[in-house]
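Residue-level structure breakdown
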Amino acid sequence: MKRFKYLNLLLIFLLIVSLSLSACSKKSDESETPAIGEESNEIAEVDDEEVLKEDTSEEESEKKDEVVETDEEEVEEVEEKSHDSPTEGEKETKKEETPEEEPELKEEAEIEGVNILKIEGKVDNPLSLKLDDLKAMGDLIFEGNFYSLNNFGTTQHTKFKGVNLWGLLQKAQITSDAAKVRIVATDGYEMEFTVDEVKRQDYIDETDPNVKLPMIIAWEENGVEYDSEEGPPYKLIIGQKEPGDVNKPQWVSNIDRIIVE
Ligand SMILES: Nc1nc2c(c(=O)[nH]1)N[C@H]1C(S)=C(S)[C@@H](COP(=O)(O)O)O[C@H]1N2
Ligand SMILES: [Mo]
């Protein structure tokens, strides 16, 4: 009987142990499911770390490029090349960087390009001029106070500094059969003048009979230069042909090219 008792107790004990064990294993099953999530977090963290490592190593190599290449254009070339052929390890980090870096490079390239004033068409000496080239045209530089009238009747006096447009076209060796001059802006706005209109050096200010003005390409307005980052810093300014002439809409901001036809 005693043995039976012990056996029963043993059986009960074993039952309790096995029950509590199975309960435990169920719990650990449940807790394993989120563990998979944790594991994937770990993978993601590892990836981030790798990305960071690659980023810093890339920054370092870019810094090196900057140190070695003092010429900005050459630095850009090196950077572009590294974009064209990313190594296998770089490919994933590139995806993240692309939207941030590439537009920046593009903008820089565009700003470099648009700030060149082109003079083309019926000219024997087509010109591509930077702002500094215009500023160096000592004898063609003109500063004056221009009166403006716009379509709503608003009037104003504005000081401009720039180069004489007719002088500029002579530098470009405008041909003898040229008849028209188109001033074209980067936003598509354009004005067309006859060669005779561009030749005139006696545009008026209806409020001041002493004033005689040429057509000019200005880079400075009321003592302030145009911001080169907001477009080509060249603006066509013309006075009035006669009293009442609505001249302000004829002004062309952000000139891209001058086409002689
Ligand atoms: N590139 C460009 N130039 C432009 C225009 C334009 O839309 N684009 N508007 C014209 C008009 S309608 C006017 S009244 C004058 C305004 O000159 P402001 O910019 O000096 O005020 O710019 C002229 N030049
Ligand atoms: Mo206007």
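Our subject in this report is the structure included herewith. Here the structure is a predicted model, which means the values were calculated and not measured. (Residues numbered from 1 in each chain as written. Chains lettered and ligands numbered in written order. Predicted model: local features only at pLDDT ≥ 70, side-chain atom pairs only at ≥ 80, totals over all residues. Heavy atoms only, no water.)

Brief notes about the overall build of the chain
Per the secondary structure count, the chain includes six helices and twelve strands. Going through the 261 residues of the chain one by one, you find that 31% of them count as buried. Long-range contacts, defined here as pairs at least 24 residues apart, represent 60% of the contacts in the chain between residues at least 6 apart. For the chain, the exposed surface amounts to about 17,100 Å²; the carbon and sulfur share of it is 52%. (Helix = DSSP H or I, 4+ residues; strand = E, 2+ residues; numbered from the N terminus. Buried < 20%, exposed > 50% of the residue type's maximum accessible area, 1.4 Å probe, protein only. Contact = heavy atoms within 4.5 Å. Areas by Shrake-Rupley, 256 points an atom, 1.4 Å probe, with all protein chains shown as cover.)

Comments concerning the site of ligand 1
The immediate surroundings of ligand 1 are formed by Ala 185, Asp 187, Tyr 189, Lys 235, Lys 248, Pro 249, Trp 251, Val 252 and Ser 253. Trp 251 is positioned such that a nitrogen or oxygen atom in its backbone is 2.6 Å from a nitrogen atom of ligand 1. Measuring from a nitrogen atom of ligand 1, one finds a backbone N or O atom of Ser 253 at 2.9 Å. Across the complex, the protein chains shield 66% of the 530 Å² of accessible surface that ligand 1 would expose by itself. In terms of residue class, the shell around ligand 1 is built from five nonpolar, one polar and three charged. (Near = heavy atom within 4 Å. Polar contact = N/O pair within 3.5 Å; in protein donor to acceptor, adjacent residues only side chain to side chain. Nonpolar A, V, L, I, M, F, W, Y, C, P; charged D, E, K, R; others polar.)

Examining the side chain of Asn 164
In this structure, Asn 164 sits in strand 4 (residues 155–164). A polar contact of 2.7 Å, which involves the side chain of Asn 164, links it to the side chain of Gln 201. Among residues more than four places away in sequence, those in contact with Asn 164 are Leu 140, Gln 201, Pro 214, Met 215 and Ile 216.

Considering the pairing of strand 1 (residues 117–121)
Where strand 1 meets strand 2 (residues 127–129), three bridges bridge the pair, whose relative direction is antiparallel. Among the inter-strand pairings, Leu 117 is bridged to a residue of strand 2, identified as Leu 129. Connecting strand 1 to the antiparallel partner strand 2 that follows it, the hairpin turn spans five residues. Here strand 1 pairs with strand 12 (residues 255–260) via four bridges, running parallel. (Pairing = 2+ DSSP bridges.)

Some remarks on the nonpolar core
Leu 165, Leu 168, Leu 169, Ile 217 and Ile 258 are the most contacted members of the largest nonpolar core, which has 43 residues in total. For Ile 258, the residues in contact, after removing those within four places along its chain, are Leu 117, Lys 118, Ile 119, Glu 120, Leu 165, Leu 169, Val 181, Arg 182, Ile 183 and Ile 217. (Core = buried A, V, L, I, M, F, W, Y, C linked by side-chain atoms within 4.5 Å.)

With respect to the side chain of Gln 250
The topology assignment puts Gln 250 in the loop between strand 11 (235–237) and strand 12. In this structure Gln 250 comes out as buried when scored by relative accessible area, which is 10%. Discounting residues that sit within four places of it in the chain, Gln 250 has contacts with Met 191, Phe 193, Leu 236, Ile 238, Lys 241 and Asp 245.

Describing unusual backbone geometry
If a residue is not glycine, its phi is most likely negative; likewise, a peptide bond is most likely trans. Even without a glycine there, the phi angle at Gln 173 is positive, about 55°. Tracing the backbone shows Gln 173 in the loop between helix 5 (165–171) and strand 5 (180–185). The phi torsion at Asn 222 lies on the positive side, around 50°, for a residue other than glycine.

With respect to the sheet that holds strand 1
Whenever strands of a sheet pair, they do so through backbone hydrogen bonds, lying parallel or antiparallel. Strand order in this open sheet of five strands is 2-1-12-5-6, and the pairing throughout is mixed. Of all the strands in the sheet, just strand 2 and strand 6 (190–194) have a single pairing partner and so form its edges. The mean angle between the axes of side-by-side strands here comes to 15°, regardless of whether they run parallel or antiparallel. (Axes fitted to C-alpha atoms, helices over the stretch in contact; angles between N-to-C directions.)

Regarding the packing of aromatic side chains
Across all of its chains, the model carries three aromatic pairs by this definition. An angle of 75° between the planes, with centres 5.9 Å apart, marks the rings of Phe 146 and Phe 160 as edge-to-face. Taken together, the positions of Phe 146 in strand 3 (residues 141–149) and Phe 160 in strand 4 put the pair 14 residues apart, joining distant regions of the chain. The pair formed by Phe 146 and Phe 160 is uniform in burial state, with each residue classed as buried. An aromatic cluster is defined as three or more aromatic residues linked by ring pairs; in this entry it consists of Phe 142, Phe 146, Phe 160 and Trp 251. Sitting over the face of the ring of Tyr 203, Arg 200 holds its NZ or CZ atom 4.6 Å from the ring centroid. (Phe/Tyr/Trp six-rings, centres within 6.5 Å; stacked < 30°, edge-to-face > 60°. Lys NZ or Arg CZ within 6 Å of the ring centre and 35° of its normal.)

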